[in-house]
Amino acid sequence: MVKLEVERELSHKEIKELQEEIRRLAEEKNAVILAHYYQRPEVQDIAHFVGDSLELSRKASQTDADIIVFCGVRFMCETAKIVNPTKKVLHPNPESGCPMADMIKAEDVLRLREKYPDAEVVAYVNTTAEVKAVSDVCVTSANAIKVVSKLESKRIIFIPDQALGNWVKKHIPDKEFIIWQGFCPPHFEFTAREVLKLKEIYPDAKVAVHPECHPKVIEIADFVGSTSQIINYATTCDSNRVIVITEVGLLHTLKKKNPNKEYIFPQSMNYCGTVYCCTMKAITLPKVYETLLKETNEVVLPEDIIQRARKPIERMLELS
Ligand code: SF4
């Protein structure tokens with residue numbers, strides 16, 4: 001067993017030892033480790049699979065491992081439990097939530113449903129299980145336009161992200177959108193001014209932007225897409241320099257996939273005084289180790305919520 005002082009910074013040697021021990025434990029316990037692209041590099045490196053929300057929920061639904069260790073924020077762990085409820089899903093840091101997911105409650109959705117009875121509720125996967133349970137269909141940033149365009153309703157209630165909602169609305173002008181005014185603090189805080197400044201410094205660079213960014217930032221982009229779509233674009237486009245407007249954790253994968261390019265991320269301070277999503281980074285290697293070793297922090301959801309929340313997720317997977 002590795003001895004730990006959880007909060008101190010680990011040396012390179014300790015990181016390696018811990019990574020080996022986590023992978024050994026995972027094998028012994030038949031556990032699969034899933035990690036989001038925004039996780040710390042040393043956490044991404046122990047994962048059996050690194051992906052965005054859609055890819056990770058697909059992996060979680062297909063795995064035959066007994067335990068899923070989910071290195072992501074709370075709504076992602078809940079989604080894993082919903083799509084594969086017989087598995088033990090462990091969340092290495094239960095404090096790691098998504099501020100945007102917490103900007104809407106199930107009661108808010110029910111009120112909107114009452115006000116617009118003919119509308120379908122489209123929930124970004126960045127929502128709690130309770131909110132999914134009162135929604136009609138889920139979407140991710142990778143499939144939102146495709147899924148919403150296939151819906152029959154002319155009126156759409158889009159929750160909770162205003163930026164993604166407006167991005168989808170722009171592509172589907174024949175539908176009416178009622179958009180909840182939630183936002184992702186790290187993405188929404190990038191400013192157009194900052195991106196234009198980077199373009200001035202690097203005039204040959206292409207600009208790739210996540211749709212959770214402010215519409216004024218999206219306007220400047222050469223490419224708009226989900227994290228996996230940005231990876232694909234940035235690593236294969238014809239420019240050797242790409243300005244990437246999303247969470248800086250993506251840099252680890254970009255460098256691995258194509259080390260010959262230069263990836264430029266904005267340096268602005270955001271809501272937690274850093275350049276990254278601090279809740280994503282609240283999952284550390286020692287926390288993953290302890291969680292897997294002791295099998296603690298299990299994600300538990302009421303059975304009826306699992307049943308009801310599964311329907312909009314399954315509908316999304318069918319439509320996408
Ligand atoms: S990056 Fe934004 S949407 Fe993703 S977990 Fe952080 S706050 Fe939530």
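Note that the coordinates shown come from a computational prediction; the quantities given were computed from them, not determined experimentally.

**Re the environment of Pro211**
Its location among the elements puts Pro211 in the loop between β9 (206–209) and α11 (215–220). Among the residues examined, Pro211 registers a relative accessible area of 0% and is labelled buried. The sequence separation of Pro211 and Glu200 amounts to eleven residues, and the corresponding C-alpha distance is 22 Å. Once residues lying within four places of it in the same chain are set aside, the contact partners of Pro211 are Ser141, Asp161, Ala163, Leu164, Trp167, Ile218, Val224, Gly225 and Ser226.

**What to know about helix α3 (residues 53–62)**
When α3 is considered as a whole, its buried residues turn out to be Ser53, Leu54, Leu56, Ser57 and Ala60. The buried residues of α3 all sit within an arc of 165° when viewed along its axis, so they share a single face.

**Considering the packing of aromatic side chains**
Under the counting rule described, the total for this entry stands at two aromatic pairs. Taken together, a centroid distance of 4.5 Å and an interplanar angle of 5° make the contact between Phe223 and Tyr233 stacked. Residue Phe223 is located in strand β10 (residues 223–224), and its partner Tyr233 is located in helix α12 (residues 227–236); the two are separated by ten residues in the primary sequence. Overall, Tyr233 belongs to the buried group, its relative accessible area being 16%. Over the aromatic face of Phe49 sits the side chain of Lys59, whose NZ or CZ is 4.5 Å from the ring centroid.

**Quick word on the domain arrangement of the chain**
Often, the extent of an interface is quoted as the loss of accessible area upon association of its parts. Segmentation of the chain into domains returns domain 1 (12–96 + 279–301), domain 2 (101–185 + 305–319) and domain 3 (190–264). A straight line from the C-alpha centre of domain 1 to that of domain 3 covers 27 Å. Listed as interface residues are nine residues of domain 1 and, on the opposing side, twelve residues of domain 3. Around 850 Å² of area is buried between domain 1 and domain 3 when both sides are counted, 50% of it from carbon and sulfur atoms. The three residues of domain 1 that bury the most area against domain 3 are Tyr37, Tyr38 and Asp52, which together make up 59% of that side's buried surface. Scanning the region where domain 1 abuts domain 3 turns up two salt bridges. Glu247 is the partner of Lys281 in a salt bridge, and the nearest nitrogen-oxygen pair spans 2.7 Å.

**Thoughts on the sheet that holds β10**
Within a sheet, each strand pairs with its neighbour through backbone hydrogen bonds, oriented either parallel or antiparallel. On the basis of which strands lie adjacent, the open sheet formed by four strands has the order β10-β9-β11-β12 and parallel pairing. Every other strand in the sheet has two partners, leaving β10 and β12 (262–264) as the edge strands with one partner each. The pairing of β9 with strand β11 (residues 241–245) spans four bridges and is classified as parallel. What sits directly across from Ala208, in β11, is Val244.

**A look at the site of the ligand**
The ligand sits among Tyr38, Val73, Cys98, Pro99, Met100, Asn126, Cys184, Pro186, Glu212, Cys277 and Met280. Classifying every residue of the shell around the ligand by side-chain character gives nine nonpolar, one polar and one charged.

**Concerning the UniProt feature "binding site: [4Fe-4S] cluster" (unreviewed entry) in the chain**
Listed under "binding site: [4Fe-4S] cluster" (unreviewed entry) in the UniProt record, and renumbered for this structure, are Cys98, Cys184 and Cys277. Sequence-wise these annotated residues cover 180 residues; spatially they are packed, their C-alpha atoms never more than 9.3 Å apart. Its place among the elements puts Cys98 in the loop between β4 (88–90) and α5 (106–115). Residue Cys98 is classed as buried on the basis of its relative accessible area of 13%. In contact with Cys98, not counting residues within four places along its chain, are Val73 and Phe75. Turning to its location among the elements, Cys277 is positioned in the loop between β12 and α14 (285–294). Owing to a relative accessible area of 9%, Cys277 belongs among the buried residues under this scheme.

**Let's talk about the sheet that holds strand β3 (residues 67–71)**
Strand order in this open sheet of four strands is β2-β1-β3-β4, and the pairing throughout is parallel. What marks the edges here is a single partner per strand, and that holds for β2 (49–51) and β4. Here the average twist between neighbouring strands, direction ignored, is 25°. Examined bridge by bridge, strand β1 (residues 31–36) and β2 share three bridges and lie parallel to one another. Across the sheet, the residue bridging to His36 is Gly51, located in β2. Helix-sheet contacts for α3 involve β1, β2 and β3, and the interaxial angle to β2 is about 145°.

Criteria and cut-off values
- Residues numbered from 1 in each chain as written.
- Predicted model: local features only at pLDDT ≥ 70, side-chain atom pairs only at ≥ 80, totals over all residues.
- Heavy atoms only, no water.
- Helix = DSSP H or I, 4+ residues; strand = E, 2+ residues; numbered from the N terminus.
- Buried < 20%, exposed > 50% of the residue type's maximum accessible area, 1.4 Å probe, protein only.
- Contact = heavy atoms within 4.5 Å.
- Arc of directions from axis to C-beta.
- Phe/Tyr/Trp six-rings, centres within 6.5 Å; stacked < 30°, edge-to-face > 60°.
- Lys NZ or Arg CZ within 6 Å of the ring centre and 35° of its normal.
- Domains from an automatic or database assignment.
- Buried area = accessible area lost by both parts, 1.4 Å probe.
- Salt bridge = Lys/Arg side-chain N within 4 Å of Asp/Glu carboxyl O.
- Pairing = 2+ DSSP bridges.
- Near = heavy atom within 4 Å.
- Nonpolar A, V, L, I, M, F, W, Y, C, P; charged D, E, K, R; others polar.
- UniProt positions renumbered as here; feature names shortened; annotations may be inferred.
- Axes fitted to C-alpha atoms, helices over the stretch in contact; angles between N-to-C directions.

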